[in-house]
Amino acid sequence: MNPYRLLIPVFAVCLLLTGAHDSRSAVPVPATGPRPVHVQAQPDAQLPSIYFHPRFYKDDGETGRSSTLYLQNPNPMPGIYVLEFYDCSSGALVFPPAPPTWDISPGATRVAGPRDFPDLPSGCYGLVVVSDTDLAHASLVEETRSGAAADRLATHPGFARAEAASELRFGPLLKGEVASTVHIWNVTDYASATLTANAYDEAGDPTALPSFTLAPLAQGSYTLTQLSPSFTGTLVIQSTGGSAMGLMALESTSGATNEYRKPLAAGATEVCLPRVLKHVNEGGVTRSTALFVANTTGQAANVRLRFYEENGAPLPADQDLTLAANGSRYLRLADIAQLGDGIWSVCASGNRPVAIEELTQADAPSAAPASSATRVGAKLGTRALADPAHLALTHLTRSDASYTAFSLQNPGDTAASVDLKYYNLTGALVYTDTVNLPPKGWARFDQRTQSGLGNDYVGSPVVSSTQPLVSLVDVYEPLARKRVFLSLVVR
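This is a predicted model, so every value here is computed, not measured.

About the criteria used
Residues numbered from 1 in each chain as written. Predicted model: local features only at pLDDT ≥ 70, side-chain atom pairs only at ≥ 80, totals over all residues. Heavy atoms only, no water. Helix = DSSP H or I, 4+ residues; strand = E, 2+ residues; numbered from the N terminus. Buried < 20%, exposed > 50% of the residue type's maximum accessible area, 1.4 Å probe, protein only. Areas by Shrake-Rupley, 256 points an atom, 1.4 Å probe, with all protein chains shown as cover. Phe/Tyr/Trp six-rings, centres within 6.5 Å; stacked < 30°, edge-to-face > 60°. Lys NZ or Arg CZ within 6 Å of the ring centre and 35° of its normal. Core = buried A, V, L, I, M, F, W, Y, C linked by side-chain atoms within 4.5 Å. Pairing = 2+ DSSP bridges. Axes fitted to C-alpha atoms, helices over the stretch in contact; angles between N-to-C directions. Disulfide = S-S within 2.5 Å.

Let's shift gears to the overall build of the protein. Each helix and strand in the protein was counted, giving one helix and 35 strands. Here the protein holds 491 residues, and the buried ones make up 59% of them. Here the protein has roughly 18000 Å² of accessible surface; of this, 52% comes from carbon and sulfur atoms.

Here a ring pair, both rings aromatic, is described through the centre-centre distance and the interplanar angle of the planes. Counting across every chain of the model gives nine aromatic pairs. Both rings, one in Phe212 and one in Tyr222, keep their centres 5.0 Å apart while their planes meet at 45 degrees; by these two values the pair is tilted. Of the two residues, Phe212 is situated in strand S15 (residues 206-214) and Tyr222 in strand S16 (residues 219-222); the sequence distance between them amounts to ten residues. Residue classification places Phe212 among the partly exposed residues on the basis of a relative accessible area of 22%. Residue classification places Tyr222 among the buried residues on the basis of a relative accessible area of 4%. Measuring from centroid to centroid gives 4.9 Å for Phe406 and Phe445, while their planes differ by 20 degrees, and the two rings are stacked. Taken as a pair, Phe406 in strand S29 (residues 403-409) and Phe445 in strand S32 (residues 442-446) lie far apart in primary sequence, 39 residues in all. An identical accessibility class is assigned to Phe406 and Phe445; each is buried. An aromatic cluster is defined as three or more aromatic residues linked by ring pairs; in this entry it consists of Phe56, Phe85, Phe117 and Tyr125. In this structure, Lys262 is placed above the aromatic ring of Phe159, and the distance from its NZ or CZ to the ring centre is 4.7 Å.

Counting 28 residues, the largest nonpolar core has Phe170, Leu173, Val182, Ile184, Tyr222, Leu235 and Ile237 as its most contacted members. At the level of elements, strand S12 (167-174), strand S13 (178-186), strand S14 (193-201), S15, strand S17 (232-240), strand S18 (244-252), strand S22 (286-295) and strand S26 (342-362) are the ones that each hand at least two residues to this core. By size, the runner-up hydrophobic cluster in this structure holds 22 residues, among which are Leu339, Val346, Ala348 and Val354.

Strand order in the open sheet formed by four strands is S12-S17-S14-S15, with antiparallel pairing between adjacent strands. Unpaired on one side and paired on the other, S12 and S15 mark the two borders of the sheet. For this sheet the average axis-to-axis angle between neighbouring strands, irrespective of direction, equals 20 degrees. Note: S12 against S17, six bridges, orientation antiparallel.

This part takes up the environment of Ser139. Mapping Ser139 onto the fold places it in strand S9 (residues 137-146). Separated by 28 residues in sequence, Ser139 and Val111 place their C-alpha atoms 9.9 Å apart.

The next subject is the state of the cysteines. Considering all chains together, one arrives at two disulfides under this definition. Disulfides within the protein link the bonded cysteines, taken in sequence order, as 1-2, 3-4.

Just geometry here; none of it tells us what the structure is for.
Okay, here's the thing in structure tokens:
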């Protein structure tokens, strides 16, 4: 028996005791008051799994945004999940009359929007999901509304507790038609966090940004007004006193881009993206990818970009880059003459650790539909189901209203055998698939062509593999007569 099955009911009781109040309204609990069990100092083995979402909006009057949570239990046993909402500005814990507590069956996905939390006041929150299972996967779908119709759609990634850090690096940091805003969350409940930040341009030259302090569990944002209108580069944030998580929003004034990015990985001498596009019409608009490659070290780096066919064969389109210390490069695939049109994967290898990101946009932005892309989740490693590689991809669809297509890549040097199990929202297994991926090979799964899913499929597949994988999901959804594009990356 999972020992946390006994912990969560006690945890829920603790929430009720620490949040006693008039049940007719939600009452904020000061961040300095009694804390729930999971944020008290304990050995990791005594803590349930915790997932963090920096931004949950409920009819937020300032931004016009609302969020919907998709929470999957990819485990072979039931899971109990408790949800906590922390005010973005103050860090105060806000309790409905009882903390939302969900019992989710194996493989099932729970969906909840603002109307499902009637006692939660309108506003912006940091959402914490505490579970008694070994892992969970979650994503937030955010709508930005103009009047009654949603005209922008994006997704939020979730963070495991171990992803909190004293240094966060974001990119591509952009200004211009597409501009970045970086939201930072002090996820330490017992100490304030003082943030210092430097924006590094492509040459690695820094610009210091104003410092500020966040109360325990509070959030703040960098709007980057100090940078030049055409700035491209990397933002590096140092947190002193408390560990932090962050989320970068990329938004355009035209509405053609509305995306979120997690912090860049610490960097490795080889990193891969499973899907890049050059002049590809998928989802009703022709799009191409721009790659962002960042040197995450204080020394100059030599980097090679190599593009791969589906069978893992390299294309004759290598790009060799020299990146300054903390420098970066933003490359548009449409400008690489040696690379043919199509869907490919790409790996960046260097003599120093590097990180890689992507931004996929319409070739003709003025004619583009509402479009968004975001990274979500993380490669879960060896804990899940005893597999050496395991992915859970929340919220895939196959219907007239929306559909998904995702890519899996084997970034290693050993062939991978991959099994896919598609579960619907109730946890019923409705479809299975198997694929073998050679080294650097990749596969594209278009849910429109998978008739075994049936019509109106909504659910979350679990992917297991003999080797680690990287994945990216594209979601296409007609909304207010516009075609919406999102991308969700799991590595």
